[in-house]
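A structural walkthrough
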Amino acid sequence: HLTLLSPFLLTSCCRKLSEERPHVLLNQFPCETMVTVKDCLASVARRVGGTEGAKWLPRTFNLKTELPQFISHYQQNQERGQDNHWICKPWNLARGLDTHITNNLNYVIRQRESTPKVVCKYLEKPVLFERQEVGPVKFDIRYIVLLRSVQPLQLYAYNVFWLRFSNRPFSLDHFDDYQKHFTVMNYTEGAQLKQVHYDDFIPQFEKQYPEYPWKDVQVVSISQHYHSEPKGNCIG
């Protein structure tokens, strides 16, 4: 059966429960914020992948504690002629709230004046989906996963997934255009919410990217996030 516990009780009683009642399943893991809050997730990724971080997470800095390191990295990118677009995100908000995209260093630094944020390398060449009525747009995929155990790792992913799409063709400009750079439209007044069933999406994706069968993309995408040494590059 399933037992629901408060975070405090979960943390203080989890070991005792696991020893005395190993058959009981909990709906949370202690300290789960280490992977659900952005600044903690970035720290965990660095523990896995070293200074550069895990391969599945673009380079990320905590603006509260790592501003000098970010400035140094930004300047190195500039000297090398590398892309320098970044996205600033609050540690623990969602839905694109107070999120900003820029290639201006001073603008990034000013973000420290509001809510605590991380700054993450913005993907300048994301995988796009061709919407017939719009053109090539950004999209994201939401999976439901069940983490059964950490040691040994046991994780299950539901094959049914949910999709969200931008409403305007992607390009590296007009960063204040929410419908060009973001995909969460169900909270945006006046924005079209594009819905595609996963069964319809898969053949369309494979038609647009015939060299990437969806079954392979799905396996690699999930395995990258749960292995310290990914076996391939994630496209999805």
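Each remark here, short or long, concerns the structure printed above.
Since the model is a prediction, treat every value here as computed from it, not as a measurement.

1. Notes on the sheet that holds strand β4 (residues 86–90)
Taken together, four strands build an open sheet; the order of strands is β3-β6-β4-β5 and the sheet is antiparallel. Of all the strands in the sheet, just β3 (60–62) and β5 (100–102) have a single pairing partner and so form its edges. Strand after strand, the sheet turns through a mean of 20° between neighbouring axes, direction not considered. In this structure, β3 lies alongside strand β6 (residues 117–121), joined through three bridges in antiparallel fashion. Bridging from a neighbouring strand, T60 pairs with C120 of β6. Its contacts with the sheet place helix α3 (residues 38–49) against β3, β4 and β6, and it is angled at close to 125° to β3.

2. Here's the deal with the packing of aromatic side chains
Scanning the model with the defined rule gives 19 aromatic pairs in all. Summarising the aromatic geometry, the rings of F61 and F70 are spaced 5.7 Å apart at their centres and angled 65° between planes, so their arrangement reads as edge-to-face. For F61, a relative accessible area of 5% translates into the label buried. Their ring planes at 55° and their centres at 5.6 Å tell us that F139 and F201 sit as a pair that is tilted. Residue F139 is found in strand β9 (residues 139–142), and its partner F201 is found in helix α7 (residues 198–208); the two are separated by 62 residues along the sequence. Of the two residues examined, F139 and F201, each falls in the buried class.

Rules used in this analysis
- Residues numbered from 1 in each chain as written.
- Predicted model: local features only at pLDDT ≥ 70, side-chain atom pairs only at ≥ 80, totals over all residues.
- Heavy atoms only, no water.
- Pairing = 2+ DSSP bridges.
- Helix = DSSP H or I, 4+ residues; strand = E, 2+ residues; numbered from the N terminus.
- Axes fitted to C-alpha atoms, helices over the stretch in contact; angles between N-to-C directions.
- Contact = heavy atoms within 4.5 Å.
- Phe/Tyr/Trp six-rings, centres within 6.5 Å; stacked < 30°, edge-to-face > 60°.
- Buried < 20%, exposed > 50% of the residue type's maximum accessible area, 1.4 Å probe, protein only.

It is worth stressing that arrangement in space is one thing and function is another; only the former is reported here.
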